[in-house]
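Results of the structural survey
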Amino acid sequence: MPTSLKIDVVGVGLNATDTLIPVQHFPAAGSKIEFRAASILPGGQVATAMVACQSWGLRARYVGKVGDDPAAALHRAEFARLGVETHLLIAPGCPSQQAFILVDDAGERTVLWKRDDRLTVQPNDLQREWVQGARALLLDGHDTAASICAATWARAANIPVIADLDDLYPGVDALLPLIDYLITSLDIPGRISGESDLRKSLPAVRTSFGARLTAATLGHEGVLAYDGAQFHYAPAFRVHTVDTTGAGDIFHAGFIYGYLQGWPLQRQLEFACAAAALNCTAIGARGCIAPIAEIENLIATGERHPATFHVQGGTASSGRAS
């Protein structure tokens, strides 16, 4: 697909073909359980986030690598249907990344995945024009060298870099100083800093690497963020959870959407939490990318989970029952 001159957000990172398998409960070792159905759907952290951004009216660009199999055709067709500008690199003779996801009746998922090494995006696979001109860059850091390349180009052009890290990939220490908004899964700040308490690890990571914001998503407990001066906390919304696959991907898309609207940070976090919650009400990583109005309605009227943290005067205290 040709490169547009104007783009709001570009994502460089993972795509996947997900086989969603709903089961009553996760199987015990050596057991047999019946599954109700199996759905083959497109997913992947950055690919899903770009789809959500496009659905909310942003101009999104996705850069990633696929094999030369039918799964690649599925991704290509879906991006084209939704209008996402796409630069799909091809690994000849290679299967695309796939995942088998067991989803229990509580909506919790267990992921089995495989990604051939030939799907690694290399720095020389990228073109600078794919990054420059965007208003934001999203990375997942999986292909670290390529992520560093893209983030370096973005920094040179004053483009903010947002990262969705759910693991510490080899070489990530060189990427972390290039990230402006580091939003990770729960355990990552502690693994980076050696501090198990988020109220210590988020400031420590920010101090070490100079991010504008460090944050951790907490599942049904919401999100805690630190901006260098104070903490910000948004509790999660109560919904009928069908499948938590893709919740983090949609959270990052919601954060980017709010950022590009110029919203205050607290509003960005609440919008992201609401968008992620609604996505959990249907099967698949892109099960329910809700319209803006529906997300806003949940923010205005929805019930929330009990707060895990309380923020007063910029300081976070635990809200957990002792």
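Calculation notes
- Residues numbered from 1 in each chain as written.
- Predicted model: local features only at pLDDT ≥ 70, side-chain atom pairs only at ≥ 80, totals over all residues.
- Heavy atoms only, no water.
- Core = buried A, V, L, I, M, F, W, Y, C linked by side-chain atoms within 4.5 Å.
- Buried < 20%, exposed > 50% of the residue type's maximum accessible area, 1.4 Å probe, protein only.
- Helix = DSSP H or I, 4+ residues; strand = E, 2+ residues; numbered from the N terminus.
- Contact = heavy atoms within 4.5 Å.
- Pairing = 2+ DSSP bridges.
- Axes fitted to C-alpha atoms, helices over the stretch in contact; angles between N-to-C directions.
- Salt bridge = Lys/Arg side-chain N within 4 Å of Asp/Glu carboxyl O.
- Parallel < 35°, antiparallel > 145°, perpendicular 65-115°, else oblique.
- 1 Å grid on protein atoms, 1.4 Å probe; cavity = no way out; pocket = protein on both sides within 12 Å on 5 of 7 lines; lining within 4 Å.
- Points joined across faces, edges and corners; volume = space filled by probe spheres on them.
- Nonpolar A, V, L, I, M, F, W, Y, C, P; charged D, E, K, R; others polar.
- Disulfide = S-S within 2.5 Å.

Details of the nonpolar core
Grouped together as the largest cluster of nonpolar side chains are 53 residues, with contacts concentrated most on Met50, Trp56, Phe255 and Ile295. Ranked by residue count, the leading element in this core is helix α9 (residues 265-279), at 10 residues. The residues touching tryptophan 56, leaving out its near neighbours within four places in the chain, are Ile250, Ala253, Gly254, Tyr257, Phe271, Ala275, Ile289, Ala290, Ile292 and Ile295. Ranked by size, the runner-up nonpolar core spans 29 residues in total, among them Val121, Leu126, Ala146 and Ile159.

Looking at the sheet that holds strand β7 (residues 109-114)
If you trace the 4 strands from one edge of the open sheet to the other, you get β3-β2-β6-β7, paired in mixed fashion. Every interior strand has two partners, whereas the edge strands, β3 (39-43) and β7, have only one. The sheet shows a mean angle of 25° between the axes of neighbouring strands, direction not considered. Looking at chain direction, strand β2 (residues 16-22) and strand β6 (residues 98-103) are connected through 6 bridges and run parallel. Following the sheet pairing, leucine 20 is matched in β6 by isoleucine 101.

Quick notes on the pattern of salt bridges
If you walk through the whole model with that rule in mind, you get 16 salt bridges. Notably, a salt bridge pairs glutamate 78 with arginine 81, separated by 2.7 Å at the nearest N-O pair. Note that glutamate 78 and arginine 81 are positioned in helix α2 (residues 70-82) at a spacing of 3 residues, about one turn of the helix. Between aspartate 180 and arginine 212 there is a salt bridge, with the nearest N and O atoms lying 3.6 Å from each other. Within this pair, whereas aspartate 180 is found in the loop between α5 (172-175) and β10 (181-185), its partner arginine 212 is found in the loop between α7 (198-209) and β11 (213-217), the two being separated by 32 residues in sequence. What makes arginine 212 partly exposed here is its relative accessible area of 40%.

Observations regarding the packing of α9 against helix α10 (residues 292-301)
With their axes 9 Å apart at the nearest point, α9 and α10 run at an angle of 110° to one another. Classed by the angle they form, the pair α9 and α10 counts as roughly perpendicular. Facing α9, whose interface residues are Arg267, Glu270, Phe271, Ala274, Ala275, Ala277 and Leu278, α10 presents Ile292, Glu294, Ile295, Glu296, Leu298 and Ile299.

What to know about the side chain of glutamine 268
Following the sequence through the fold, glutamine 268 ends up in helix α9. Using a relative accessible area of 5% as the deciding quantity, one classes glutamine 268 as buried. Not counting residues up to four positions away in its chain, the partners in contact with glutamine 268 are Gly254, Phe255, Gly258, Tyr259 and Trp263.

So, empty space enclosed by the protein
One pass over the structure, following the stated rule, counts 1 cavity of 30 Å³ or more. Lining the largest cavity, in full, are Val12, Gly13, Leu14, Val63, Gly64, Arg115, Val121, Asp140, His142, Asp143 and Ser147. Of the residues contributing to the lining of the largest cavity, the split by class is 4 nonpolar, 4 polar and 3 charged.

Focus on unusual backbone geometry
If a residue is not glycine, its phi is most likely negative; likewise, a peptide bond is most likely trans. Positive phi outside glycine occurs at asparagine 158, with the angle close to 60°. Looking at where asparagine 158 falls in the secondary structure, it is placed in the loop between α4 (144-156) and β9 (161-165).

A closer look at the pairing of β9
Counting buried positions over the 5 residues of β9 gives 5, a clear majority of the element. In this structure, β9 lies alongside β10, joined through 4 bridges in parallel fashion. Considered in β10, the bridge of leucine 165 is made with threonine 184.

A look at the environment of alanine 290
By secondary structure assignment, the location of alanine 290 is in the loop between α9 and α10. With relative accessibility at 3%, the residue alanine 290 sits in the buried group. For the pair alanine 290 and proline 203, spaced 87 residues apart in sequence, the C-alpha to C-alpha distance is 33 Å. Here alanine 290 is in contact with Trp56, Leu278 and Ile295, once residues within four sequence places are set aside.

What to know about the environment of aspartate 249
Position of aspartate 249 among the secondary structure elements: in helix α8 (residues 247-260). Looking at aspartate 249, the relative accessible area reads 10%, which means it is buried. A C-alpha to C-alpha distance of 18 Å links aspartate 249 and proline 160, two positions 89 residues apart in sequence. In contact with aspartate 249, not counting residues within four places along its chain, are Gly44, Gln45, Thr48, Ala49, Asp164 and Ala285.

Observations regarding the layout of surface pockets
Roughly 1,300 Å³ of volume is contained in the largest pocket. Lining the largest pocket are 48 residues, and of these Arg109, Thr244, Gly246, Ala247 and Gly248 sit closest to its centre. Those elements that place two or more of their residues in the lining of the largest pocket are β2, β6, β7, β9, β10, α8 and α9. Per-element tally for the lining of the largest pocket: the top contributor is α8, with 5 residues. Classifying every residue of the lining of the largest pocket by side-chain character gives 22 nonpolar, 18 polar and 8 charged.

What to know about the state of the cysteines
For the structure on display, the rule yields 0 disulfides. The closest cysteine sulfur to the non-disulfide-bonded cysteine 273 is located on cysteine 280, 11 Å from its own sulfur. Given a relative accessible area of 7%, cysteine 273 falls into the buried group.

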